[in-house]
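Spelled out from the first residue to the last, the chains are:
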Amino acid sequence: MAAMPTFITNFTCSIGQRLADNQEQRGFAPREVCADDQTPAEVEQVFAEVLPDQTESQWELILAQIPGEVEQAFTNLPIEGGTVMFEEELLGFGYVNQHTNVFAEVSTQSFTESLLGIEVDIRAIPVEYNFNYGDGTTKTTSNPGGPAEQQVATGALDTETPTSHVYQDTGTYPVEVTTTFIGEYRLPGGAWTSISGSTSVPASPGEADIWRLSHRHVSGACRDAAHWGCSGPVELAPGDQPPKIFADHYDGNGHYIGPRRP
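Everything in this summary refers to the structure shown in the same document. (Residues numbered from 1 in each chain as written. Predicted model: local features only at pLDDT ≥ 70, side-chain atom pairs only at ≥ 80, totals over all residues. Heavy atoms only, no water.)

### Brief notes about the environment of Thr159
Move 1: Take Thr159: it is sitting in the loop between strand 7 (138-141) and strand 8 (165-166).
Move 2: Each C-alpha atom of the pair Thr159 and Pro147 lies 9.9 Å from the other, and the pair is 12 residues apart in sequence. (Helix = DSSP H or I, 4+ residues; strand = E, 2+ residues; numbered from the N terminus.)

Structural data, given as structure tokens:
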């Protein structure tokens, strides 16, 4: 069977409008394919794929099946759910009763799928984020969060953000984020069209390491590691591991050795 020219020239406004009407019945937003000042020739050149000859009715059938094919393809795309992030300087470290900033690092992703012999562009757009902070608290928001803007000497400690969380007790908490994506697809030469439904993808998890802040008045600088506050930035109980932010300050036995020098 002979191959079609580069563009299918029998795709007229009337066929396009029937396909749009069919999509509207499937739940898509109504749209007009041919504007008042648009001639059929302007919408005839729709596909840039070399395909076998088809009659007008056969093409209409194939194109009417595309939305359903796209919906199925969208649910099977290898969409990346992103990563749970903390302030770069803190590595998940935080204090009880203070804000610990958690956010999701995720972006819009693009794919090209061959569906019914047609190359279809699909993009997955993150729109909603479900944060599970690991202490029984969850939050669903359209804001993925981000690094805190207000920095202090020790990092972004106790800086409230749209996705920060206040822990009520010490401990390490697994933090998870599930991102909901909506989709759009585009046929060659066409406009982006919404895909019915959505898909949810988990992000790579993180871990919040929450400690209790303690302070006292002292008479002067440290002279003995046995004195209070002189055994490092955190006080380790037997079996404790130092937080990642201070991991290089301690030896394998939990003894304070000070920060490593480059």
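So much for the structure itself; the text now carries on.
### What to know about the nonpolar core
The nonpolar side chains of soluble globular proteins are, as a tendency, buried together.
Move 1: Ranked by internal contacts, the top residues of the largest apolar core, which has 36 residues, are Val70, Phe74, Ile79, Ile118, Val120, Ile122 and Tyr185.
Move 2: Mapped by element, the contributors of at least two residues to this core are helix 3 (56-75), strand 1 (83-86), strand 4 (102-105), strand 5 (109-115), strand 6 (118-132), strand 9 (171-186), strand 10 (193-202) and strand 11 (206-211).
Move 3: With 7 residues, helix 3 is the single largest residue contributor to this core.
Move 4: Apart from residues no more than four positions distant in its own chain, Phe74 is found in contact with Ile79, Ile122, Arg123, Ala124, Phe181, Ile182, Gly183, Ile195, Ser198 and Thr199. (Core = buried A, V, L, I, M, F, W, Y, C linked by side-chain atoms within 4.5 Å. Buried < 20%, exposed > 50% of the residue type's maximum accessible area, 1.4 Å probe, protein only. Contact = heavy atoms within 4.5 Å.)

### Brief notes about the packing of aromatic side chains
Move 1: A complete count under the given rule lists 3 aromatic pairs for this structure.
Move 2: Here Tyr167 and Tyr173 contribute two aromatic rings whose centre-to-centre distance is 4.6 Å and whose plane-to-plane angle is 25°, an arrangement assigned as stacked.
Move 3: For Arg123, the ring lying beneath its charged end belongs to Trp192, and the centroid distance is 3.9 Å. (Phe/Tyr/Trp six-rings, centres within 6.5 Å; stacked < 30°, edge-to-face > 60°. Lys NZ or Arg CZ within 6 Å of the ring centre and 35° of its normal.)

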